[in-house]
Amino acid sequence: MNEDLTWEIRYEAAGREARRKTLAKACFYWKKDGQLVRSAEFTQSELEVECERLCETGGDITQFVRALQHLALSAEQAERGNVAFDGVDHRRRA
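Residues numbered from 1 in each chain as written. Predicted model: local features only at pLDDT ≥ 70, side-chain atom pairs only at ≥ 80, totals over all residues. Heavy atoms only, no water.

### Some words on the overall build of the chain
Now for step 1: If you tally the helices and strands in the chain, you get two helices and four strands.
Now for step 2: When its helices and strands are written in sequence order, the chain yields β-β-β-α-α-β.
Now for step 3: Taking all 94 residues of the chain together, the buried fraction comes to 33%.
Now for step 4: Within the chain, contacts between residues separated by at least 24 positions form 50% of all contacts whose residues are at least 6 apart in sequence.
Now for step 5: Of the roughly 6,400 Å² of accessible surface on the chain, a fraction of 45% belongs to carbon and sulfur atoms. (Helix = DSSP H or I, 4+ residues; strand = E, 2+ residues; numbered from the N terminus. Buried < 20%, exposed > 50% of the residue type's maximum accessible area, 1.4 Å probe, protein only. Contact = heavy atoms within 4.5 Å. Areas by Shrake-Rupley, 256 points an atom, 1.4 Å probe, with all protein chains shown as cover.)

Next up, the structure:
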């Protein structure tokens, strides 16, 4: 059996000021033998907690840290108004 982990960054409207604010989330997909077996999405703060949890249990956090870095960059870009509304960042890692 072969298990793959992929992820992407998605941008969603946040609250009433949807046109001014976007919320970036890291979406993870676990596939085993080509079949999706699990998916999860995290905001930046949720992903920080997940990284800590995985680190404590000895899990591999490499892809989670990469996604966290992209979320941090997305937050900086959003503050400057450089994030596409309802866009998808298709950077995937296996």
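So, next bit.
### Re the pattern of salt bridges
Once their charged atoms are close, side chains differing in charge can pair, the charge on each being opposite to the other.
Now for step 1: According to the stated counting rule, one finds four salt bridges in the structure shown.
Now for step 2: Glu50 is the salt-bridge partner of Arg53, the closest N and O atoms lying 2.7 Å from each other. Taken as a pair, Arg53 and Glu50 lie in helix H1 (residues 44-57) at a separation of three residues, close to a single helical turn.
Now for step 3: Arg53 gets classed as partly exposed once you look at its relative accessible area, which sits at 41%. (Salt bridge = Lys/Arg side-chain N within 4 Å of Asp/Glu carboxyl O.)

### Considerations on the confidence of the model for the chain
Now for step 1: Across the chain, the average pLDDT comes to 80, with 71% of residues at or above 70.
Now for step 2: Of all helices and strands in the chain, the one with the weakest mean pLDDT is strand S4 (residues 88-89) (44), whereas strand S3 (residues 35-42) scores best (96).
Now for step 3: In the predicted structure, residues 84-94 sits below a pLDDT of 50 and forms 31 contacts with residues beyond four places in sequence or in another chain. (pLDDT = per-residue confidence, 0-100.)

### Some points on H1
Now for step 1: Helix length check: H1 (14 residues) gives 20 Å between terminal C-alpha atoms against 20 Å at 1.5 Å per residue, within 8%.
Now for step 2: Of all the residues in H1, the buried ones are Leu47, Glu50, Cys51 and Leu54. The buried residues of H1 all sit within an arc of 105 degrees when viewed along its axis, so they share a single face. Opposite the buried face of H1, at more than 90 degrees from it, the exposed residues are Val49, Glu52 and Glu56. (Expected span 1.5 Å × (residues − 1). Arc of directions from axis to C-beta.)

### Let's talk about the environment of Gln63
Now for step 1: With respect to the secondary-structure elements, Gln63 resides in helix H2 (residues 62-79).
Now for step 2: Given a relative accessible area of 12%, Gln63 falls into the buried group.
Now for step 3: Taking C-alpha positions, Gln63 is 8.3 Å from Thr6, a pair spaced 57 residues apart along the chain.
Now for step 4: One polar contact links Gln63 to Trp7, side chain to side chain, over a distance of 3.1 Å. (Polar contact = N/O pair within 3.5 Å; in protein donor to acceptor, adjacent residues only side chain to side chain.)

### Looking at the nonpolar core
Now for step 1: Core analysis: the biggest nonpolar cluster contains 17 residues, and Ile9, Ala26, Phe28, Leu47 and Phe64 have the highest contact counts within it.
Now for step 2: In contact with Leu47, not counting residues within four places along its chain, are Ala26, Phe28, Phe42, Phe64, Ala67, Leu68 and Leu71. (Core = buried A, V, L, I, M, F, W, Y, C linked by side-chain atoms within 4.5 Å.)

### Digging into the environment of Ala13
Now for step 1: Relative to the helices and strands, Ala13 is located in strand S1 (residues 3-13).
Now for step 2: Taking the C-alpha atoms as reference points, Ala13 and Ala24, separated by eleven residues in sequence, lie 8.9 Å from one another.

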